[in-house]
Amino acid sequence: MRGPEIDANASAAPTPARRPSGFSSLVLHLHPRVVPAAALRFSLTFGLGGAALVLFLLLAASGALLLVAYEPSPERAYGTVAALVDEVRFGAFIRNIHHWSANGLVLVTVLHLLRVFYRGGHLPPRRGNWIVGVLLLLLVVASAFTGYLLPWDQLAFWAVTISTGMLEYVPLAGGALMRAARGGAEIGSTTLARFFVLHVAILPIALLMLLAFHFWLVRKVGGVILPRGVGTDAAPRGPLVPTSPGLTQREGVVALAVVAAVLLFAAVANAPLLAEANPGMSPNPAKAPWYFMGVQELLVHLHPLFAAFVIPLAALVLLFALPSLAGGASPSGLWFESPLGARLAGWSALAGALLCGAAIVLNEPLRRAPPWIPALPPELRGGLLPALAVAGAVAAVGFVAKRRGANRIESIQAMFSFVLAAFVVLTATGVLFRGQGMALSWPWTPPA
Ligand code: HEM
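Note that the coordinates shown come from a computational prediction; the quantities given were computed from them, not determined experimentally.

Turning our eyes to something else, we now look at the confidence of the model for the protein. Considering every residue of the protein, the mean pLDDT works out to 91; 92% of them sit at 70 or more. Counted against residues more than four places away or in other chains, residues 1–17, with its pLDDT under 50, gives 29 contacts.

Below you can see the structure in the form of structure tokens.
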């Protein structure tokens, strides 16, 4: 499907044989007229950034339709959603599209972040766009979370109660932060009104503006990162091909595949809608949305100060700082930097997953504080000591990687993979393996 190649030394685009169609001219506002032939390779990006954009557009379209039926008050919210699902033709289908696109967007945005990171796309000259990207991720999660409350069913009410309750563990400002998020001490009509405005106006507008900046920054540095060695001194990014149809056709295929996947999910799996919210009766277990379950699982094991504040804050700061940690090293643009980098990342991820899984299982009896454990202050026993142990394990991964000949970028990737795998195991445990009273149980165990 590769289009005709163009002399990379030519500074301007070739004279087009015909005027571009209306669609092509729209696309050419987003892209340059020509792109490096190497940029057409699917495995370069897996189209994940484009897939995220398509999901965002699906959310905007389905969300606008949902707004016709929805009323954001505790008295009416649940009824309007239930009526939409039960009485409006294709109402459930539209709601399902919105639900699956939202969850898909969180997942695809994270996968896109990982693609960028493991190809070195976060390093200079793309460092600024990485920061913009992390802000986009925060906005995507905030959008999904604020939407979670709107159906006002038991799932929504208690998930938001649990998640906003975690804010209380922030030292000094915790109580104030929690009340600010809820609009009062409890979840109620003010919370719903606040979440609604954030969800339908403030966050989508902020996302739109930041996305425009994100795309501009991608163009400004000449497109996505390419593997080193595709070009020559005279044409560093290799031969060029016309953007349309070379790139646009591929983007079209990704967009259609994403739309097809969402429609398929929406047709076969309904978005959950439990009984109407009952502030007096909490389900057991009461769980946060899946993207916060890693933190809720940490709360099962660690002191809340560390589980809900120190560790998430450290992770966020490190995420922003990842480009600086490489110390100016220049990436190869290959997946995992090199075959050695790929092996180290794989082994580190395996180690992170196994150690985290073992710690979760072994901590189960320790949580009941057997008498043979010395009585240490809880911040030490359940906070500082485990946090130091994790930091030590991460440092050990970096040390081993270096001993195996890894460069700085590969060592950081290995340490990142270790933490990432541990976080995935925490999340999966919280989502799948926690039953009544947050005790470990098999997903198929029936509720007592
Ligand atoms: C709604 C969320 C997002 C959308 C729609 C989006 C979209 C895109 C698109 C279309 C591209 C160019 C092609 C591609 O990589 O597929 C791109 C590149 C990029 N994105 Fe995102 N992005 C989002 C979130 C993020 C996040 C969370 C990060 C990282 C924290 C990030 C960092 C970057 C960087 C650094 C590039 C340039 C990478 C390179 O040159 O290889 N983006 N994004």
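This paragraph deals with the pattern of salt bridges. Under the counting rule described, the total for this entry stands at 3 salt bridges. Between arginine 434 and glutamate 297 there is a salt bridge, with its nearest N and O atoms 2.7 Å apart. You can see arginine 434 sitting in the segment after helix H14 (408–432) and its partner glutamate 297 sitting in helix H10 (residues 293–301), a full 137 residues away along the chain. This pair shows no difference in class: arginine 434 is buried, exactly as glutamate 297 is. For the salt bridge of arginine 434 with glutamate 364, the shortest nitrogen-to-oxygen distance reads 3.6 Å. Linking arginine 434 in the segment after H14 with glutamate 364 in helix H12 (residues 339–366), this pair joins segments that are 70 residues apart in sequence. A single burial state applies to arginine 434 and to glutamate 364, both of which are buried.

Turning next to empty space enclosed by the protein. Taken as a whole, this structure holds 1 cavity of 30 Å³ or more when the rule is applied. Taken together, Phe117, His122, Leu123, Leu322, Ala326, Ile409, Ile412 and Gln413 make up the full set of residues lining the largest cavity. Broken down by element, the lining of the largest cavity gets its largest block of residues, 3 residues, from H14. For the lining of the largest cavity, the per-class residue count stands at 6 nonpolar, 2 polar and no charged.

The next thing to look at is the packing of helix H5 (residues 127–149) against helix H11 (residues 304–325). In the contact formed by H5 and H11, the axes pass within 8 Å of each other and the chain directions differ by 160 degrees. One finds that H5 runs roughly antiparallel with respect to H11. Both H5 and H11 take part in a crossing whose hand is right-handed. Residues Arg127, Trp130, Ile131, Val134, Leu135, Leu137 and Leu138 of H5 touch H11, and the partners they reach there are Leu316, Leu319, Phe320, Leu322, Pro323 and Ser324. Partitioned by chemical class, the residues of the contact of H5 with H11 number 11 nonpolar, 1 polar and 1 charged.

The next thing to look at is the site of the ligand. What surrounds the ligand is a group of 26 residues, the closest being His112, Arg115, Arg126, Gly133 and His214. Contact distances for the ligand include 3.0 Å between an oxygen atom and a backbone N or O atom of glycine 49. Contact between the ligand and histidine 112: a nitrogen atom at 2.8 Å from a side-chain N or O atom of the residue. Counting residues per element, the ones that place at least two in the shell around the ligand are helix H2 (48–69), helix H4 (91–118), H5 and helix H8 (189–220).

On to the environment of glutamate 364, then. Exposure remark for glutamate 364: the relative accessible area of 12% places this residue in the buried category. C-alpha of glutamate 364 to C-alpha of histidine 301: the two residues are 63 residues apart in sequence and 8.3 Å apart in space. The contact partners of glutamate 364, leaving out residues within four places of it in the chain, are Arg434, Ala439 and Leu440.

The next thing to look at is the coordination of the iron atom of the ligand. Note on the iron atom of the ligand: its protein donors are His112 (NE2) and His214 (NE2). The metal-donor distances range over 2.0 to 2.1 Å. Geometry at the iron atom of the ligand is octahedral, judged from its 6 donor atoms and the angles of 86 to 179 degrees they form at the metal. On the criterion of sequence distance, the pair formed by histidine 112 in helix H4 and histidine 214 in helix H8 is long-range, its members being 102 residues apart. For histidine 112, a relative accessible area of 18% puts it in the buried group. By relative accessible area, histidine 214 is classed as buried at 12%.

With that settled, the discussion passes to the side chain of asparagine 103. Note on placement: asparagine 103 falls in helix H4. When its relative accessible area of 17% is taken as the criterion, asparagine 103 is described as buried. Polar side-chain contacts of asparagine 103 include one of 2.9 Å to the backbone oxygen of histidine 99.

The parts lose accessible area when they come together, and the size of an interface is often stated as this lost area. Segmentation of the protein into domains returns domain 1 (26–281) and domain 2 (284–448). Using only C-alpha atoms to locate each centre, domain 1 and domain 2 end up separated by 25 Å. Across the contact, 38 residues belong to domain 1 and 36 residues belong to domain 2. Carbon and sulfur atoms make up 76% of the area that domain 1 and domain 2 hide from each other, which totals about 3,300 Å². By the criterion of area lost to domain 2, the three top residues of domain 1 are Tyr118, Met166 and Tyr169, representing 21% of everything that side buries. The tally of links between domain 1 and domain 2 comes to 0 salt bridges. Linking domain 1 with domain 2 are 11 residue pairs in polar contact (both at pLDDT 80 or more), by the criterion used here. Counting only elements with at least two residues in the side of domain 1 that touches domain 2, the list comes to H4, H5 and helix H6 (154–165). Among the elements that take part in the side of domain 1 that touches domain 2, H5 stands out by supplying 11 residues, more than any other. Of the residues belonging to the side of domain 1 that touches domain 2, the class tally is 29 nonpolar, 5 polar and 4 charged.

Calculation notes
Within each chain, residue numbers correspond to sequence positions counted from 1 in written order. Local features in this predicted model are restricted to residues whose pLDDT is 70 or higher, and side-chain atom pairs enter the listing and the counts only when it is 80 or higher, whereas totals over whole chains, interfaces and linings include all residues. With hydrogens and water stripped out, all remaining heavy atoms of the structure feed into the side-chain values. Note on scores: pLDDT gives the predictor's confidence for each residue, bounded by 0 and 100. The contact criterion used throughout is that any non-hydrogen atoms of two residues lie within 4.5 Å. The working definition used for a salt bridge is a side-chain nitrogen of Lys or Arg within 4 Å of a carboxyl oxygen of Asp or Glu. Numbering of helices and strands runs from the N terminus; a helix is a DSSP stretch of H or I covering at least four residues, while a strand is a stretch of E covering at least two. Throughout this description, buried means an accessible area under 20% of the type-specific maximum (1.4 Å probe, protein chains only), exposed means over 50%, and partly exposed covers the range between. Using only the protein atoms, space was sampled on a 1 Å grid; points where a 1.4 Å probe fits but cannot get out form cavities, open sets with protein on both sides within 12 Å along at least five of seven lines form pockets, and lining residues are those with an atom within 4 Å of a point. Grid points are joined across faces, edges and corners, and a volume is the space filled by probe spheres set on the points. For this classification, the nonpolar set comprises Ala, Val, Leu, Ile, Met, Phe, Trp, Tyr, Cys and Pro, the charged set comprises Asp, Glu, Lys and Arg, and every other residue, Gly included, is treated as polar. Geometry is summarised by axes, namely lines fitted to C-alpha atoms with helices restricted to the contacting stretch, and by angles between N-to-C directions that run from 0 to 180 degrees. An angle counts as roughly parallel when it lies under 35 degrees, as roughly antiparallel when it exceeds 145, as roughly perpendicular when it falls between 65 and 115, and as oblique in every other case. By the definition used in this description, the sense in which the near helix is turned from the far one sets the handedness, with an anticlockwise turn below a right angle giving left-handed and a clockwise turn giving right-handed. When we say a residue is near a molecule or strand, we mean one of its heavy atoms is within 4 Å of it. Here a polar contact is taken to be a pair of N or O atoms separated by no more than 3.5 Å, where protein atoms must pair a possible hydrogen donor with a possible acceptor and residues adjacent in sequence count only if both atoms sit in side chains. Counted as donors are the N, O and S atoms within 2.8 Å of the metal, or 3.2 Å for Na, K and Ca, while water is not among the atoms, so some sites may look incomplete. In these descriptions, tetrahedral denotes four donors with every angle between 85 and 135 degrees, square planar four donors and octahedral six donors with opposite donors over 155 degrees apart and the rest between 65 and 115, and irregular any other case. Residue ranges assigned to the domains are those given by an automatic or database domain assignment. Throughout, the accessible surface (probe 1.4 Å) given up by two parts as they are put together, summed over both, is called the buried area.

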